[in-house]
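Structural overview for review
Given next are the chains, with one letter for each unit.
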Amino acid sequence: MISVDEKILKDIKEGFNIPPKPELLTALQHELAQAAPELNQVAKLIANDVATSAAVLKVINSPCYGLARTITDIRQAVMFLGLDSITQLVTGFLLQQAFEQKKCCIKLERFWDTASEIAAVATIIGQKIKSKVPVENLHLLGLFHDAGIPAMAMNYNDYVKVLGAANRDYDMTLVEHEEQHYRTNHAVVGFYLGSQWNLPKSMCNLILRHHDRTMFDERNDPEILMSLAALKMAENIVHTHKRFVASPDWSYMKATVLAVLELDDDDYQDIKEDAEDYLLHH
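Figured I'd write up the structure that's included with this text.

Procedures and definitions
Residues numbered from 1 in each chain as written. Predicted model: local features only at pLDDT ≥ 70, side-chain atom pairs only at ≥ 80, totals over all residues. Heavy atoms only, no water. Helix = DSSP H or I, 4+ residues; strand = E, 2+ residues; numbered from the N terminus. Buried < 20%, exposed > 50% of the residue type's maximum accessible area, 1.4 Å probe, protein only. Contact = heavy atoms within 4.5 Å. Core = buried A, V, L, I, M, F, W, Y, C linked by side-chain atoms within 4.5 Å. Axes fitted to C-alpha atoms, helices over the stretch in contact; angles between N-to-C directions. Parallel < 35°, antiparallel > 145°, perpendicular 65-115°, else oblique. Left-handed = near helix turned anticlockwise from the far one by under 90°. Arc of directions from axis to C-beta. Polar contact = N/O pair within 3.5 Å; in protein donor to acceptor, adjacent residues only side chain to side chain.

Mapped onto the elements of the fold, threonine 87 is located in helix 6 (residues 83–97). A relative accessible area of 7% means that threonine 87 is categorised as buried. Among all residues touching threonine 87, those that are not within four sequence positions of it are Leu25, Leu28 and Leu32.

Before going further, it helps to examine the nonpolar core. Ile86, Ile125, Phe144, Tyr159, Met233 and Leu261 are the most contacted members of the largest nonpolar core, which totals 98 residues. If near-sequence neighbours (up to four positions away) are discounted, isoleucine 125 is found in contact with Ala230, Met233, Ala234, Leu261 and Ile271.

For the pair helix 8 (residues 135–144) and helix 14 (residues 222–243), the least separation of the axes is 10 Å and the interaxial angle reads 55°. By the angle between their directions, the pair helix 8 and helix 14 is classed as oblique. As helix 8 packs across helix 14, the resulting crossing turns out to be right-handed. Along its contact with helix 8, which presents Asn137, Leu138, Leu141 and Gly142, the element helix 14 presents Glu223, Ser227, Ala230 and Leu231.

With that out of the way, let us pick up the environment of lysine 272. Within the secondary structure, lysine 272 is located in helix 16 (residues 265–280). Residue classification places lysine 272 among the buried positions, given a relative accessible area of 15%. Remark: the alpha-carbon pair of lysine 272 and tryptophan 112, spanning 160 residues in sequence, is separated by 21 Å. What lysine 272 contacts, discounting residues up to four positions off in sequence, is Ile237 and Thr240.

The subject of this paragraph is helix 11 (residues 174–182). For helix 11, the full list of buried residues reads Leu174, Val175, His177, Glu178 and Tyr182. Summarising the axial view, the buried residues of helix 11 lie within an arc of 160°, below the 170-degree limit, and thus occupy one face. Taken from the residues just after helix 11, arginine 183 is the one with a positive phi, measuring 60°.

What follows is about unusual backbone geometry. Residues other than glycine seldom take positive phi values, yet phenylalanine 244 does so here, at roughly 60°. For phenylalanine 244, the location among the structural elements is in the loop between helix 14 and helix 15 (250–260). Residue classification places phenylalanine 244 among the exposed residues on the basis of a relative accessible area of 75%. Despite not being glycine, glutamate 262 has its phi angle at roughly 55°, a positive value. When you line up the elements, glutamate 262 lands in the loop between helix 15 and helix 16. Exposure remark for glutamate 262: the relative accessible area of 70% places this residue in the exposed category.

The next subject is helix 5 (residues 74–81). Those residues of helix 5 that fall on the buried side of the exposure criterion are Ile74, Ala77, Val78 and Leu81. In a view along the axis of helix 5, the buried residues occupy a sector of 100°, so they form one face of it. Those residues of helix 5 that are buried lie in contact with helix 3 (39–47), helix 4 (50–60), helix 6 and helix 8. Measuring from the backbone nitrogen of arginine 75 back to the side-chain oxygen at the start of helix 5 gives 3.0 Å, which picks out aspartate 73 as the cap. Following helix 5 by one or two positions, glycine 82 adopts a phi angle in the positive range, close to 95°.

Okay, structure coming up:
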């Protein structure tokens, strides 16, 4: 089980460059913390940032959301999705903008392409299972779950070698490779980044433990287990689509994931086909 103690967090805080929380996110979170958050104010804050507005509308109107109508402006989007959900989408976009390629030893465009695909497929799974998990939570989890990877690539010049070695090694996980080299790993760093950006505690814990098979054995909130199951299924579908082989932990988790999502093999194949169709055309 991956856990975090205060010493680890202190080490990260003192010796680590983490992208600071963007001003727009601080302003949105401040507004949401009010006794009666003002919908128009939230819409105005987002609309003032042209790139973020465009990105949010693009996600909402994408096929993975499956809306019957096109949302054309941010105020409509806020009314349609609600304040929390729109903030999740904005957070996801700001996260991708927070890392600078020149400071990273991995190709960020490739990394975010994969993260965006996992986010989209997790959203498709959320739509299909009609669960109580808001799809924008799944979208943000898909984007953010591996955010510790670019953070480590910003801080360690040789990280690209460790990542490459882990991709070729099916006996040892990326987390184990990272621990061996740096005495920390991308799940812990991602947890720290999520905490610094004031993501919900439950999402920070999912980021911390998204490689932890024992999480399914614990008596967790059903929404948390469904979120983790949807993420693991999305990871595997994208991994299989890109590399023609299942993701490293899928064989251990498949039965549990399908049970948590109340799916059988046929349901899984149907969702996989829909997701692959989406991936082929985007």
